[in-house]
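# Report on the structure
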Amino acid sequence: MQPAAVPSGAQREPKTMVPPLNARPAPKAAASSARNGTRIGNSISIKGDIIGDEDIYLDGIIEGAIKLESHTLTIGPNGNVQADVSARSVILLGNLKGNVRASGHVEIRRTGSFEGDILASRIIMEDGAGFRGSIDITKPKKAQVVPSRNKPVPVHQTTATPPKPNA
Amino acid sequence: MFKYLKRALHEKNSEKAPDKFQVRVSHGTLLDQETEQQIRSRTSRGLLHFLERLPTPPETEGLQIFDLGGLVDSNVHYFLSQRGGRLYAVDLLDRVDAQHARLPQWKFDDLAALRFVDEYLSFQTAMFDAVLVWDVLHFLDAALLRQIVAKLARIVRPGGSILCFFHDQPKGAKVPLCRYTIEAANSLKATTRSQRPVPVTLSNRDLEALFQDFKSVQFFLSQDSLRELVVVR
């Protein structure tokens, strides 16, 4: 069924989706990231790899691997993820089992539960968050000093001594 | 008392507390109105000695610490940000409670304890430089306590140390199970999680026998009936 034509300048009304029973509502702050990226609802189940170039809000069941190199992964309160994750930042409100590699921070909220290893530049844990595994903090690489081309190179002057004549 | 009130209000304000936040202070113990948890600061000589045994930067490369009491955000930052290395964690009592919740009548015998240890403490020999046990061990059944201490003797490297607390109360007495946050090198913040009965009475002699496979056991007594032990592998 084709959607009705919308006059130019008018905004299309968002569809109302009825969440399944027992689903926990997503916190506003975490759900806001879904507006800018992709939202996978709590009725969705995915087995496979998720590779993307935008923020993702996951509230379903995921099994596989998740790669969002320069974006944020948010796992909602109903999310149940068994995957290795590679992202800029990870915000966990649900369950995550797997290894996490984040160039930014990993945040485990009060309702979140994590099992695996974390490699991140910063970690934030709320009281009550579940954790089992290890944490490794990546240290920022020291900036290498590159000599400037405009910088004058000192000239060392040496006094040349004439060779001694052979005896 | 005013210092506790000021600190609590500052912490709560930074967390955007509700308008009707109230703090009850009783005998130097803060009571969080929202969570009804008791929070108190306590001096810890055991912690001081434990931390003194740890390497300091830049020699913390490869440092591996294990926390059996679960992770607390502040402790993560205290160790990883200030000292570096890697921090492992498992909330052991939470796992024990989950087991009992699944099978209410079930008790840990030697075989069950061995299986539990294999599942949650499966690490390489001599892997850890230090282990934070807090008061977890004193809430375990005898069989599980023996197996976990035996496992710690294998996974802590020679010279590594363990910090553990044991209550001074006899079997059956209810004591607070706390979450400990490191405030300073000799100071802990203890937040009561629940009241639990002590399953077994442990005298100092019992504790020395328990850690007989270790090199040394140092006792530190405190005013709040908590025995602090620094055990060296």
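All figures in this text were calculated on a predicted structure; none of them were measured in a lab.

### Quick look at the overall build of chain B
Along the backbone of chain B there are seven helices and eleven strands. Taking all 233 residues of chain B together, 48% fall into the buried category. Long-range pairs, those at least 24 residues apart, make up 68% of the contacts in chain B with a sequence separation of at least 6. For chain B, the accessible area works out to roughly 11800 Å², and carbon and sulfur atoms hold 47% of it.

### Some thoughts on the confidence of the model for chain A
All names here are of chain A. On average, residues of chain A score 77 in pLDDT, and 62% of them reach the 70 mark or higher. Here helix α1 (residues 28-36) is the element of chain A with the lowest mean pLDDT, 54, and strand β6 (residues 95-97) is the one with the highest, 97. Low confidence marks residues 1-21, where pLDDT is under 50. Its contacts with residues over four positions away, or in another chain, come to five contacts.

### A look at the layout of surface pockets
Reported here for the second largest pocket is a volume of approximately 440 Å³. As for the second largest pocket, its lining consists of 28 residues, and the residues nearest its centre are S113(A), F114(A), G130(A), F131(A) and R132(A). Sorting the residues of the lining of the second largest pocket by element identifies β5 (80-92), β6, β9 (113-120) and β11 (130-137) of chain A together with α4 (92-102) of chain B as the ones contributing at least two each. Grouping the constituent residues of the lining of the second largest pocket by class yields ten nonpolar, seven polar and eleven charged.

### Brief notes about the interface of chain A and chain B
Contact residues are listed per partner, giving 13 residues for chain A and 16 residues for chain B. Taken over both partners, the interface formed by chain A and chain B buries close to 1300 Å², and the fraction arising from carbon and sulfur atoms is 50%. Considering only the surface of chain A that becomes buried against chain B, M125(A), R132(A) and I135(A) emerge as the three largest contributors, covering 38% of it. In this structure, the connection of chain A to chain B is made through one salt bridge. Of the charged contacts, one joins D136(A) and R86(B) as a salt bridge, the two residues approaching to 2.7 Å between their closest N and O atoms. Summed over the shared surface of chain A and chain B, the result is six residue pairs in polar contact (both at pLDDT 80 or more). Mapped by element, the contributors of at least two residues to the side of chain A that touches chain B are β10 (122-125) and β11 of chain A. Among the elements that take part in the side of chain A that touches chain B, β11(A) stands out by supplying seven residues, more than any other. Tallied by class, residues from the side of chain A that touches chain B come to six nonpolar, two polar and five charged.

### Some words on the nonpolar core
One recurring pattern in soluble globular proteins: nonpolar side chains tend to sit buried together. One finds I66(A) and I108(A) to be the most contacted residues of the largest nonpolar core, which totals 54 residues. The dominant element in this core, judged by the number of residues it contributes, is β5(A), at six residues. When sequence neighbours within four positions are dropped, the list of residues in contact with I66(A) reads I50(A), L58(A), L73(A), V81(A), A83(A), D84(A), V85(A) and S86(A). If you look at the next biggest cluster of nonpolar residues, it comprises 43 residues, including F116(B), V131(B), L144(B) and L145(B).

### Observations regarding the packing of aromatic side chains
Residues and elements named next belong to chain B. For the coordinates displayed, the defined rule picks out 13 aromatic pairs over all chains. Ring centres 5.5 Å apart and planes at 75 degrees place the aromatic pair F211 and F214 in the edge-to-face group. Look at F214 and you get buried, because its relative accessible area is 9%. An aromatic cluster of three or more residues is present, and its members are F66, Y88, F123 and F128. The side chain of R42 reaches across the aromatic face of F165, ending 5.6 Å from its centre.

What counts and how
Residues numbered from 1 in each chain as written. Chains lettered and ligands numbered in written order. Predicted model: local features only at pLDDT ≥ 70, side-chain atom pairs only at ≥ 80, totals over all residues. Heavy atoms only, no water. Helix = DSSP H or I, 4+ residues; strand = E, 2+ residues; numbered from the N terminus. Buried < 20%, exposed > 50% of the residue type's maximum accessible area, 1.4 Å probe, protein only. Contact = heavy atoms within 4.5 Å. Areas by Shrake-Rupley, 256 points an atom, 1.4 Å probe, with all protein chains shown as cover. pLDDT = per-residue confidence, 0-100. 1 Å grid on protein atoms, 1.4 Å probe; cavity = no way out; pocket = protein on both sides within 12 Å on 5 of 7 lines; lining within 4 Å. Points joined across faces, edges and corners; volume = space filled by probe spheres on them. Nonpolar A, V, L, I, M, F, W, Y, C, P; charged D, E, K, R; others polar. Buried area = accessible area lost by both parts, 1.4 Å probe. Salt bridge = Lys/Arg side-chain N within 4 Å of Asp/Glu carboxyl O. Polar contact = N/O pair within 3.5 Å; in protein donor to acceptor, adjacent residues only side chain to side chain. Core = buried A, V, L, I, M, F, W, Y, C linked by side-chain atoms within 4.5 Å. Phe/Tyr/Trp six-rings, centres within 6.5 Å; stacked < 30°, edge-to-face > 60°. Lys NZ or Arg CZ within 6 Å of the ring centre and 35° of its normal.

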